[in-house]
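# Close look at the chain arrangement
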Amino acid sequence: MQQQASKEECTYREKNAGGEGQGKKEKHTAGQLPLKSQNEERKGTSEEEEKRTEEGQKKKEEIWELLVAAHRGDKGARDQMVQRNMGLVWSIAHRFSNRGYELEELFQVGSIGLMKAIDKFDLSYDVKFSTYAVPMITGEIKRFLRDDGMIKVSRSLKENGAKVKQAREKLQRSLGREPTLQEISDETGFPREEIVMALEANGEVESLSKTYAPGDGKETCLADRLPQEKDSHEALLNHMLLEQLMAGLGEMERRLIELRYFGEKTQMQVAGELGISQVQVSRLEKRILLRMRNQVR
């Protein structure tokens with residue numbers, strides 16, 4: 001009897017131990033990935049890293065080959081390098097977008113810096129091309145901002161001009177009209193005199209050779225619209241003609257013309273000197289001028 005009870009107790013313990021072991025096994029399975037899944041995940045991550053490394057190395061080799069070809073005079077390779085780095089130029093140009101210049105203009109200047117970087121990059125450098133190109137592009141834009149213009153303007157005036165332009169545009173949007181000089185001064189904190197100087201210094205310089213099309217559609221340049229120097233020969237002929245016409249006038253008529261057109265007197269002042277009325281001066285002047293014109297024709 002005792003042996004039977006002991007046997008049943010052992011059987012009961014074995015069952016419980018088996019159940020607990022199964023429970024522990026199930027608990028472990030629910031809380032953690034199987035060893036096989038963990039290995040597969042690590043393997044996948046490693047493969048992705050290797051793939052990225054291979055792609056980076058391949059890209060580096062392509063850039064290297066393009067640079068070598070560009071240095072040998074291959075224009076196509078040089079153009080490919082420029083196209084590949086356009087995004088880099090745009091990102092740098094955006095840093096200077098608040099300096100009073102069009103972004104497209106800054107991009108063009110930055111592209112010059114990029115091409116210089118392509119031409120001057122030393123293949124023995126143990127650096128990425130972009131690392132070398134960034135300061136070259138940035139320096140080219142900074143030089144442009146510093147030295148641009150037919151008339152040299154100080155850096156402080158250029159910076160003030162950019163700030164004034166920003167404040168002006170901001171006030172235009174908020175007020176719905178063109179802001180006054182005082183409103184711009186209040187917004188920027190600059191005296192009105194400095195604002196005027198900054199605006200004038202950063203204004204576009206007009207060239208006399210600049211062409212434009214007036215209403216008739218024919219292109220012309222500003223130089224053609226400026227009054228020309230008088231021909232000395234023509235001036236002499238006009239003087240001789242005037243002397244001849246004046247000699248044909250009576251004494252009062254000649255005196256009237258001299259006072260009106262050489263002495264710059266008013267009709268009332270001439271009337272006082274000649275002892276006649278202003279109405280008489282007006283009528284006499286018109287009659288004299290008409291007679292002189294008829295003699296010239």
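Up top is the structure these notes are about.
Residues numbered from 1 in each chain as written. Predicted model: local features only at pLDDT ≥ 70, side-chain atom pairs only at ≥ 80, totals over all residues. Heavy atoms only, no water.

Another aspect to go through is the pattern of salt bridges. Tallied over the full model, the rule gives eleven salt bridges. A salt bridge links Glu 62 to Arg 84; the shortest N-O distance between them is 3.0 Å. Linking Glu 62 in helix H2 (residues 35-71) with Arg 84 in helix H3 (residues 75-84), this pair joins segments that are 22 residues apart in sequence. Residue classification places Glu 62 among the partly exposed positions, given a relative accessible area of 29%. Assessed through its relative accessible area of 41%, Arg 84 is described here as partly exposed. Between Glu 183 and Arg 177 there is a salt bridge, and its shortest N-O distance comes to 2.7 Å. The exposure class of Glu 183 is partly exposed, given its relative accessible area of 23%. Salt bridges linked by common partners bring Lys 116, Glu 140 and Arg 143 together as one network. (Salt bridge = Lys/Arg side-chain N within 4 Å of Asp/Glu carboxyl O. Helix = DSSP H or I, 4+ residues; strand = E, 2+ residues; numbered from the N terminus. Buried < 20%, exposed > 50% of the residue type's maximum accessible area, 1.4 Å probe, protein only.)

The next point concerns the environment of Val 109. Topologically, Val 109 is positioned in helix H5 (residues 103-120). The sequence separation of Val 109 and Thr 138 amounts to 29 residues, and the corresponding C-alpha distance is 9.5 Å. Apart from the residues within four sequence positions on either side, Val 109 is in contact with Glu 140, Ile 141 and Phe 144. (Contact = heavy atoms within 4.5 Å.)

Take helix H4 (residues 86-94) next. Those residues of H4 lying buried are Met 86, Val 89, Ile 92 and Ala 93. The buried residues of H4 all sit within an arc of 130 degrees when viewed along its axis, so they share a single face. (Arc of directions from axis to C-beta.)

What follows deals with the nonpolar core. Side chains of nonpolar character tend, in soluble globular proteins, to be buried together. Grouped together as the largest cluster of nonpolar side chains are 26 residues, with contacts concentrated most on Leu 106, Leu 114, Ile 118, Phe 129, Ile 137, Ile 141 and Leu 145. Within the residue set of this core, elements represented by two or more residues are H2, H3, H4, H5 and helix H6 (129-147). Those residues in contact with Ile 141 that lie beyond four places of it in its chain are Ile 92, Ala 93, Phe 96, Leu 106, Val 109 and Gly 110. One finds Leu 245, Val 270, Val 281 and Leu 284 within the second-largest nonpolar core, a separate group that totals 13 residues. (Core = buried A, V, L, I, M, F, W, Y, C linked by side-chain atoms within 4.5 Å.)

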